[in-house]
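Okay, here's what each chain looks like letter by letter:
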Amino acid sequence: MIINEKILKRLVSTLSVDGANLIVPLITLPILTQTLGLSLYGEYLLFLMMGTFLVTIIDFGIGYIGVRKIVDCKSPELKAKIFFQFQSVRCFIFIVVSSLVFTLSQVVSYQLSVLLVCYLLGTLLFSEWYFFAFHKIKQFALLQLSLKISQLIFIIFFIDQNSFNLLIEMTAITQLLIGVIACVLRKGYHPPTMRLSVTVVRAKQALPSFLTVLMPNSFNSLPYLYVGHFSTTGEFAYYAIAHRLTSIIINIQNTITKTIFPLLTKSNYHELKVLFRLNVMIAIPSILVCLLFGNELIKLLTGDENNNPVYLSLLVISSLFVGVTNTLMSGYYFLHGRSNQYGKIVSIISLTSFLYTVPLIYFLDVIGCCLSLVIARLLMMSFSYLPTLQKRQVCES
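A.B. asks: Could you clarify how one ought to interpret the overall build of the chain in this entry?
C.D. replies: When helices and strands are tallied, the chain shows 15 helices and zero strands. Expressed as a percentage of the 397 residues in the chain, the buried residues total 53%. Sequence-distant contacts, at least 24 apart, represent 81% of the contacts inside the chain between residues at least 6 apart. Carbon and sulfur atoms make up 67% of the accessible area of the chain, which totals about 18400 Å².

What follows is the structure, encoded as C-alpha cells:
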C-alpha cells in the first residue's frame, strides 16, 4: 500500500504537467494552423522534431541510469556529486552537437541554427532528470506549467500569419529562460572539481541506456525529418499534425514511466503491473476516440475539410505498442540490469527497420513513413515482450 501511495503522490504532481501538455497543444493547434496555414505549421513541427531528436542525443540515456544511481545513494553530498558528473557528460555532448548544428548552417539558415542551439541549451540547463532523481516533482510541475502557459499566452496575443519566425524564436527563448530559472533554483548544489576520467566512466555507464533510447528515436525521427524536407505531395502537414496529437499520448506514458521508475523494486512484480495498466489505460481510450471520431477531431482542430484521418488512426494504435514497450524497458530490463539485452533488441529492430522504411517511403511517400513507424513500434513491443514471458511466470508462481 505504501508504494501505491508514493506512486499516487508522484503521479498527481507530474500529470498536472501533462494536463498542460495535453491542453496547450489542443488550444494552439487550431490557432496556428488557421493563422499560419497547414504548410507553415508543418514546418514548425519539423523544427520541434529536430530539437527533440537532438535533445535525446544530449540526454544520453542519463534520464534512466542517472536517476537510478542517485535514488540508490543515501548521502546528499554524494548525490550532488553524481548529478554533476552525469551533467558533465551532457555538457560535453551539447558542445559537440551544437558545433555540428553550426557546421550544417549552410544547409539550414544560420538564424535557425542559433535558435536551435538556444533551445538545446535551455533543455540542458533545465535538466528534467534532476527533478525525478531528487524527488522535486512539484517544482518540475510548476516550471513546466509556467513554460506552457507563457507560450500559450504569447501565441494567442502575438502570433499572426506573418509571425512564423517569431514563433520559432519564442519557442527557443522561452525554453532557454525556463532552463536558466531551473539552474538558478539549483544554486545550493555546488559542482565539484571535474575530471575527464570520471566523465568518461559516467559516459560508459550511460551508453547502454542511451542506445536503447536513441535507436527507437531514430526510426521515429529520421524518416519524419526526411519526408518533412523532401516530400512534395502536401500530405506531410496532415502526418505532422497526427504525429503531434499522438505524441501527447506518448509523452504522458513516458512521464508515467519516469515517475514510477525510481520507486520500482526488483522483487515486487505488482509495481510492474501497476505501470503496465496505467500506460494501457492512457492508450486504449485514446485509440477508441481517434478511431471513432478522428476525422471530426482533425477537422475541428484544423478547420480543414480535406484532412486525411488515416495517419491519426495508425499512429494512435501504435501508442499502445509504445506504452507496453516503455513498461518493459524500465520495469524489467533496466530494473534488472538487462539493459544490454534490451539494447541488442532495440539495435536489431532499428537497423532492420530501414529495410522496409526506405521502399515504403519511396513508393508510398508520407503514408509509407507512417506505416514504417507503426511496424517498427509493433516489432519493438513484440520482441521486447518475448524474453519476459519466463520471468513473468516465475513471479506469478
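On we go from here.
A.B. asks: What is the right way to read the packing of aromatic side chains from this model?
C.D. replies: The way to describe two aromatic rings as a pair is by their centre distance and the angle between their planes. Under the counting rule described, the total for this entry stands at 23 aromatic pairs. Ring geometry for Tyr130 and Phe134: centres 4.9 Å apart, planes at 40 degrees, overall tilted. The exposure class assigned to Phe134 is buried, which follows from its relative accessible area of 14%. Considering the side-chain rings of Tyr226 and Phe230, the 4.9 Å spacing of their centres and the 40 degrees angle between planes classify their relative orientation as tilted. Highlighted residues: Tyr226 and Phe230, both in helix α9 (residues 196-230), separated by four residues, approximately one helical turn. Since its relative accessible area comes to 45%, Tyr226 is described here as partly exposed.

A.B. asks: In this structure, what is going on with the environment of Gly228? I would like to understand it.
C.D. replies: Within the secondary structure, Gly228 sits in helix α9. Linking Gly228 and Tyr239, residues eleven residues apart in sequence, is a C-alpha distance of 9.4 Å. Apart from residues lying up to four places away in sequence, Gly228 is in contact with Leu46 and Phe236.

A.B. asks: Even after reading the chapter, I still don't get the nonpolar core, so can you show me in this structure?
C.D. replies: Nonpolar side chains in soluble globular proteins tend to end up buried together. Counting residues in each nonpolar core, the largest one holds 112 residues, and the members touching the most others are Tyr44 and Tyr239. Dropping the residues within four chain positions of it, Tyr239 is found in contact with Tyr224, Tyr311, Leu315, Val366, Cys369, Cys370 and Leu373.

Reading guide: rules and limits
Residues numbered from 1 in each chain as written. Predicted model: local features only at pLDDT ≥ 70, side-chain atom pairs only at ≥ 80, totals over all residues. Heavy atoms only, no water. Helix = DSSP H or I, 4+ residues; strand = E, 2+ residues; numbered from the N terminus. Buried < 20%, exposed > 50% of the residue type's maximum accessible area, 1.4 Å probe, protein only. Contact = heavy atoms within 4.5 Å. Areas by Shrake-Rupley, 256 points an atom, 1.4 Å probe, with all protein chains shown as cover. Phe/Tyr/Trp six-rings, centres within 6.5 Å; stacked < 30°, edge-to-face > 60°. Core = buried A, V, L, I, M, F, W, Y, C linked by side-chain atoms within 4.5 Å.

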